[in-house]
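Structural overview for review
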Amino acid sequence: MKAFSLAVALFLGVLSVTLAQRETSLRVIDALRELHPAYKELRDVVVNAVAGAKLNSSEVVYKFNVDIASRKESFMQTAIKAEANVLRQVNGQSISVDTSCLGFLRQSVDVNMNLAGVSFTNCLNNVDASLSTEITRVYNELQVNETSFVNLSVYDVFRGQNVFVNPQSIVDRLVEKLSSLQQAPVELTEELSLLVDAFEGRLGDVRAAYISCLTMNDQLLQNTLNTALLQLQQICLGTLLPAASTAEPTDATEASAQTETATEPEAETESEATPAEVEQTEVPSENQPEPSTPGAVFGDAL
């Protein structure tokens, strides 16, 4: 009887331990359910953060392209002005200068401008290749970061574990996983920001290389145009014209002068004349005696 009671007690003890362990096993599912919303929130944050980083990188590319176009325009305007100055010198020579020699100079200027165009295009081709490489690089970096967070495994905590043998160990690992998921968005935002900043810095290096390329080729063009001016004097036996006058009135100065003239008060053209007082001669109303004639007076005297 005692043996039976002992067996029953042992069985009940094992049963209670087993039931308690099964309860712990069920808690694994509860912990797993708590992990799912956090995992979804992380995925949403990652997708939005990466999209924001891509938008920021797109803004960086836009500003870069605007600056490149502006600098190219500036160098082109400088080249065109230099060409116009040389052609003004060539075309302004007197009729005594050999026209065929002047024609060769015009051809030389045109050829060197065309060569400058080739060099400017080469500079831009280098920019295009570097920009394409950098865009591919930053998008790959953003993709790797997105994948590293989005593809976080939820079920790797079950590897090497048995939900009925050591459920508490699985629960502990799930709690640790939840904590890491909640910390991930802060780390991701910082990493993405650093990637975009590094991308912008590398584009700054591309911009600097482009400016250096343009400057070098512009200097070559200026040297060839200066050589053309020397050839004008030494070979064609021409003379340099004085610098173009800048004293000619511009539209702005003419408009200003017209405005000043219009604002001056108009002189009075009509003089205010004071009406003169006209004295009226009084005409006597009575009949006056007619004056005597000289003949009558002479007769009376005799």
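Throughout this document, residue positions are counted from 1 along each chain, in the order its sequence is written. Local features in a predicted model are, by the rule used here, given only for residues with pLDDT of at least 70; side-chain atom pairs are given and counted only at 80 or more, and totals for whole chains, interfaces and linings are based on all residues. Note that water and hydrogens are dropped before the side-chain values are worked out from all heavy atoms of the structure.

**What to know about the overall build of the protein**
- Numbering of helices and strands starts at the N terminus; helices are DSSP runs of H or I of at least 4 residues and strands are runs of E of at least 2. A count of helices and strands for the protein gives 5 helices and 0 strands.
- In the protein, the succession of helices and strands from N to C terminus is α-α-α-α-α.
- In the protein, which comprises 302 residues, the proportion classed as buried is 26%.
- A separation threshold of at least 6 residues defines the contact pool for the protein, and within that pool the share at least 24 residues apart is 87%.
- Accessible surface computed for the protein: about 21,300 Å², of which carbon and sulfur atoms make up 57%. Only protein chains enter the accessibility calculation, which uses a 1.4 Å probe. A residue is then buried if its area is under 20% of the maximum for its type, exposed if over 50%, and partly exposed in between. Should any heavy atoms of two residues lie within 4.5 Å, those residues are counted as being in contact. In short, Shrake-Rupley with a 1.4 Å probe defines the accessible areas, and a residue's cover is counted only from the protein chains shown.

**Considerations on the state of the cysteines**
- Count a disulfide wherever a pair of cysteine sulfur atoms falls within 2.5 Å. Going through the model one piece at a time under the given rule, you end up with 2 disulfides.
- At a sulfur-sulfur separation of 1.8 Å, the disulfide partner of Cys-123 is Cys-213. One disulfide, between Cys-123 and Cys-213, carries an S-S torsion of -80° and so falls in the left-handed class. Here Cys-213 lies in helix H3 (residues 167-234) and Cys-123 lies in helix H2 (residues 99-150), a separation of 90 residues in the sequence. Note on accessibility: Cys-123 and Cys-213 belong to one class, buried.
- By sequence-ordered numbering of the bonded cysteines, the protein has its disulfides arranged as 1-4, 2-3.

**Looking at the nonpolar core**
- The term nonpolar core refers to a set of buried residues drawn from Ala, Val, Leu, Ile, Met, Phe, Trp, Tyr and Cys, joined through side-chain atoms within 4.5 Å. With 40 residues, the main nonpolar core has Phe-64, Leu-142, Leu-174, Leu-192 and Leu-203 as its most contacted residues.
- For this core, the secondary structure elements donating two or more residues are helix H1 (2-91), H2 and H3.
- In terms of residues, this core owes the most to one element, H1, which gives 16 residues.
- Excluding anything up to four places from it in sequence, Leu-142 contacts Val-50, Ala-53, Lys-54, Leu-192 and Leu-195.
- Of all hydrophobic cores here, the second largest spans 17 residues; its members include Ala-79, Ala-82, Met-113 and Ala-228.

**Let's talk about empty space enclosed by the protein**
- A pocket, in this scheme, is an open set of points on a 1 Å grid over the protein atoms alone with protein on both sides within 12 Å along at least 5 of 7 lines, while a cavity is a set where a 1.4 Å probe fits but cannot get out; residues line either one if an atom lies within 4 Å of a point. Grid points are joined across faces, edges and corners, and a volume is the space filled by probe spheres set on the points. On inspection of all chains with the given rule, the structure shows 1 cavity of 30 Å³ or more.
- The space that makes up the largest cavity amounts to roughly 40 Å³.
- Ala-31, Glu-34, Leu-35, Leu-174, Val-175 and Leu-178 together form the lining of the largest cavity.
- Elements represented by at least two residues in the lining of the largest cavity include exactly H1 and H3.

**A few points about unusual backbone geometry**
- Located in the positive-phi region is Leu-237, a residue other than glycine, with phi close to 60°.
- Examined against the element boundaries, Leu-237 turns out to sit in the loop between H3 and helix H4 (251-263).
- Residue class for Leu-237 comes out exposed when judged on its relative accessible area of 65%.

**A short note on the confidence of the model for the protein**
- Here the protein shows a mean pLDDT of 78. Residues at 70 or above account for 73%.
- Values of pLDDT, which run from 0 to 100, indicate the predictor's confidence residue by residue. Per-element mean pLDDT across the protein ranges from 40 in helix H5 (residues 294-301) up to 93 in H2.
- Per-residue pLDDT stays below 50 along residues 246-302; that stretch engages in 2 contacts with residues further than four places along the chain or on separate chains.

**Examining the environment of Met-76**
- Tracing the sequence through the fold places Met-76 in helix H1.
- Judged by relative accessible area, Met-76 falls into the partly exposed class, the value being 38%.
- Distance in space between the C-alpha atoms of Met-76 and Leu-214 is 9.7 Å, their sequence separation being 138 residues.

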